[in-house]
Amino acid sequence: MYRRHHAKICLAAGMGFFTDAYDVFAINLASVMLGSADQRLNKNQDLGLKVAAPVGIFFGQLFFGWLADRIGRRRAYGISLLIIVVSTFAQALSASAPTVHIIGVLIVWRFLMGIGIGGNYPTGAIIPAEFAPARIRGRMMTAVLSAQGWGNLTAALVAYIVTAAYKNLILNSSSVNDLRAVDYMWRILIGFGCVPAVVALYQERFIIQETPSFSVDVARNVDQAEGDVGFVKTGKKARIDSDTPIQRVDVPKASWDDFVRYLGQGRNLRTLLAMSYSWFAFQLAFYGLGLNSPVVLTGFGFSASALTPGVTGGVPAVYETLKNLSIGNIIICAAGLIPGYGATFLWIEKVGRRPIQLRGFVLLGAIFLTLGWAYDKLTATPGATKGFVVLCCFANFFQNFGPNTITFIVPAEVFPTRYRATAHGIAGAAGRLRLIVAQADFGQLKDRGGPNHGVKVLMEIFGFIMLTGAISTWFIPETKGQTLEELCGEGEAEVVKDA
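All figures in this text were calculated on a predicted structure; none of them were measured in a lab.

*Asks:* Residues and numbers for the overall build of the chain, please.
*Replies:* A count of helices and strands for the chain gives 22 helices and two strands. Across the 499 residues that make up the chain, the buried fraction comes to 57%. On the chain, roughly 20300 Å² of surface is accessible, and the fraction owed to carbon and sulfur atoms is 63%.

Written out as structure tokens, the structure is:
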């Protein structure tokens, strides 16, 4: 049963993921605006803008996973949020100079922002996991991750609002080479990402305390753990007499030798590899759905290149493209992404983690194979395209009611406290590496032989890889209803002395 302090933890950790999703998703819309305003956004520049953040996230997950196991979840979370605030604000103020192009400046700042976002993954997952009771831990973590869906939706909404607000200025522009209004638009869209990041920083300072698991198992301070839990429940800091001896506990200390010993046990290494590969495989589904966005938008009647009757191009075409792109992405978020999180929230504590991920991978495999085998027929006519859209909406649904959520949850449950964030960072970085390669490599393959000629084959490849994700799921332990201590197999720490 949820209580007030559980909701506070979900809100505080979820705001970080809301920020992450907004900042990452907004560049897909902002790059179109930037290309319209700058008139010099070629394929490599567009790729650089979109790959910079995932590369940063890869390094951020590894570094902050390690850092959170050293200095604590709360402090690592706060540092990552601060990086996001600074780098996001800097993007909105970026400009060209005689020796550097604005695209280069944006790529650097987006890489730094990615490092901060990468830090949010292990810390944002583990904070609710270590505060939650076993019976609702999955639901709490799903609620936190679902903020990503709302972040995506908000980015599309802000893009639509900004486009509507600047409509007259766009249409009154003398030519497509003088679209100053669009320059304002992308800066506002990106800069707005600072708002949820600042809110998350406030919550980190005044709502989140260090998790009791870290205080006991790593800091080895029982009194501090009790005070942290009391603060979250009551909002009042516990007074600890500095003269009172601190109750310490006898627990294994983190070290490289201990980490190697821990992974040397077959079960632990197998679990880490299975989670890493599952995350690795799932990221292709995420990328594959992105490849099909133009077809989906066309099926909804909001093609990014669609023009209103009587409009032949030029400045009006820019406005129509930006408007349709925003509305279409709002529909995509509402049609599949958010409902998928809701389904996971309802069922995760009933059916368990592994069945949800297994079903998700199998259905994603079937959907992608169908999209590949029947691609030509499904995109041949407007009527057939509707079937294509339905399949993509189901894919969006089952990625969240499936591996996207479970690969986020399980690594935060099965490993001991001293390595929990590190292991989560490793698993997440493996998935992010696949996404980076997909964007850099498959992005070129999809246009081999002509625009989008390779999408059909890529869908078939992705479908088979989804099925391999189903195989890796068999090696992941079921965590439903078990405490973190039971899952990591190390038992409860015992108080051994006062110091």
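Read on for the rest.
*Asks:* Account for helix α18 (residues 382–400), with residues named and values stated.
*Replies:* Taking 1.5 Å of rise per residue, 19 residues should cover 27 Å, and α18 covers 28 Å from first to last C-alpha, within 8% of that figure. By the burial criterion, the buried members of α18 are Thr385, Phe388, Val389, Cys392, Cys393, Ala395, Asn396, Phe397, Phe398, Gln399 and Asn400.

*Asks:* I'd like to hear about the packing of aromatic side chains, residue by residue, with values.
*Replies:* On inspection of all chains with the given rule, the structure shows 18 aromatic pairs. Aromatic side chains Phe368 and Phe462 sit 6.3 Å apart centroid to centroid with 85° between the ring planes, which places their arrangement in the edge-to-face category. Placement of Phe368 in helix α16 (residues 353–373) and of Phe462 in helix α21 (residues 455–473) is noted, with a sequence separation of 94 residues between them. Taken as a pair, Phe368 and Phe462 share a single burial class, namely buried. Plain terms: the ring middles of Phe397 and Phe401 are 5.7 Å apart, the flat faces sit at 65° to each other, and that makes the pair edge-to-face. Phe401 shares its class with Phe397; the two are buried. Aromatic ring contacts, followed pair by pair, group Trp256, Phe259, Tyr262 and Tyr419 into a single cluster.

*Asks:* How would you sum up the pattern of salt bridges? Please name residues and give values.
*Replies:* Applying the stated rule across the entire model yields 11 salt bridges. Between Asp69 and Arg73 there is a salt bridge whose closest N-O contact spans 2.8 Å. Arg73 carries the same exposure label as Asp69, and that label is buried. Note that Lys323 is salt-bridged to Glu320, the shortest N-O span being 3.4 Å. Pair noted here: Lys323 and Glu320 are both in helix α15 (residues 315–351), with a separation of three residues, about one helical turn. Since its relative accessible area comes to 8%, Glu320 is described here as buried. Here the residues in one salt-bridge network are Asp69, Arg73, Glu130 and Arg420, joined through shared partners.

*Asks:* Account for the nonpolar core, naming residues and giving values.
*Replies:* The biggest cluster of nonpolar side chains holds 84 residues, and the ones touching the most others in it are Phe17, Met141, Phe368, Leu371, Phe408, Met459 and Met466. At nine residues, the largest contribution of residues to this core is made by helix α4 (residues 102–131). If sequence neighbours within four positions are ignored, Met141 has contacts with Ala125, Pro128, Ala129, Phe408, Ile409, Ala412 and Glu413. With 36 residues, the next largest nonpolar core counts Phe25, Ile102, Val158 and Val318 among its residues.

*Asks:* So what's going on with the confidence of the model for the chain? Residues and values would help.
*Replies:* With 81% of its residues at a pLDDT of at least 70, the chain reaches an overall mean of 82. In the model, residues 306–312 has pLDDT below 50 throughout and makes nine contacts with residues more than four positions away in sequence or in other chains. When the criterion is pLDDT under 50, residues 493–499 qualifies, and its contacts beyond four places in sequence or with other chains add up to 23 contacts.

*Asks:* Please set out the packing of α15 against α18 residue by residue, giving values where relevant.
*Replies:* One can describe the packing of α15 onto α18 by two numbers: an axis separation of 7 Å at closest approach and a directional angle of 30°. It follows from the interaxial angle that α15 and α18 lie roughly parallel. Viewed along their axes, α15 and α18 form a crossing whose handedness is right-handed. From α15, Ile332, Ala335, Gly336, Leu337, Pro339, Gly340, Tyr341, Ala343 and Thr344 reach across to α18, where they touch Cys393, Asn396, Phe397, Gln399 and Asn400. Considered class by class, the residues forming the contact of α15 with α18 number eight nonpolar, six polar and no charged.

*Asks:* Give a description of the environment of Thr211 that names residues and reports values.
*Replies:* Within the element layout of this structure, Thr211 appears in the loop between α9 (194–206) and α10 (212–217). With 83 residues separating them along the chain, Thr211 and Pro128 place their C-alpha atoms 8.6 Å apart. Setting aside anything within four residues of it in sequence, one finds Thr211 in contact with Arg73, Ile127, Glu130 and Phe131.

*Asks:* Now, about the packing of helix α6 (residues 147–165) against helix α8 (residues 180–191): what can you tell me, with residues and values included?
*Replies:* Where α6 meets α8, the axes come as close as 10 Å, and the angle between the chain directions of the two elements is 150°. With respect to each other, α6 and α8 are oriented roughly antiparallel. The element α6 and its partner α8 pack so that their crossing is right-handed. Residue-level contacts link Ala155, Val158, Ala159, Val162 and Thr163 of α6 to Met185, Ile188 and Leu189 of α8. Grouping the constituent residues of the contact of α6 with α8 by class yields seven nonpolar, one polar and no charged.

*Asks:* An account of a nonpolar patch on the surface is needed here, citing residue identities and associated values.
*Replies:* A surface patch of nonpolar side chains, about 260 Å² in accessible area, is lined by Leu157, Tyr160 and Ile161. Note on Tyr160: relative accessible area 33%, which makes it partly exposed.

*Asks:* Describe the side chain of Thr344, and please don't skip the residues or the numbers.
*Replies:* If you trace the backbone, Thr344 turns up in helix α15. Judged by relative accessible area, Thr344 falls into the buried class, the value being 0%. In contact with Thr344, other than residues within four places in its own chain, are Thr142, Asn400, Phe401, Gly402 and Thr405.

*Asks:* If you had to explain the environment of Phe398 to someone new, which residues and values would you point to?
*Replies:* Tracing the chain through its elements places Phe398 in helix α18. Separated by 59 residues in sequence, Phe398 and Pro339 have C-alpha atoms that sit 9.4 Å apart. With near-sequence residues (within four places) excluded, Phe398 lies in contact with Gly360, Leu363, Leu364 and Pro403.

*Asks:* An account of the environment of Ile84 is requested, with residue identities and associated values reported.
*Replies:* Tracing the sequence through the fold places Ile84 in helix α3 (residues 73–92). C-alpha separation for the pair Ile84 and Met113, spaced 29 residues apart in sequence, amounts to 5.0 Å. Residues contacting Ile84, with those up to four places away along its chain left out, are Thr19, Asp20, Asp23, Met113, Gly116, Ile117, Asn120 and Ala197.

Rules and cut-offs
Residues numbered from 1 in each chain as written. Predicted model: local features only at pLDDT ≥ 70, side-chain atom pairs only at ≥ 80, totals over all residues. Heavy atoms only, no water. Helix = DSSP H or I, 4+ residues; strand = E, 2+ residues; numbered from the N terminus. Buried < 20%, exposed > 50% of the residue type's maximum accessible area, 1.4 Å probe, protein only. Areas by Shrake-Rupley, 256 points an atom, 1.4 Å probe, with all protein chains shown as cover. Expected span 1.5 Å × (residues − 1). Phe/Tyr/Trp six-rings, centres within 6.5 Å; stacked < 30°, edge-to-face > 60°. Salt bridge = Lys/Arg side-chain N within 4 Å of Asp/Glu carboxyl O. Core = buried A, V, L, I, M, F, W, Y, C linked by side-chain atoms within 4.5 Å. Contact = heavy atoms within 4.5 Å. pLDDT = per-residue confidence, 0-100. Axes fitted to C-alpha atoms, helices over the stretch in contact; angles between N-to-C directions. Parallel < 35°, antiparallel > 145°, perpendicular 65-115°, else oblique. Left-handed = near helix turned anticlockwise from the far one by under 90°. Nonpolar A, V, L, I, M, F, W, Y, C, P; charged D, E, K, R; others polar. Patch = residues over 30% accessible without salt bridge, like charges linked within 9 Å, V, L, I, M, F, W, Y side chains within 5 Å.

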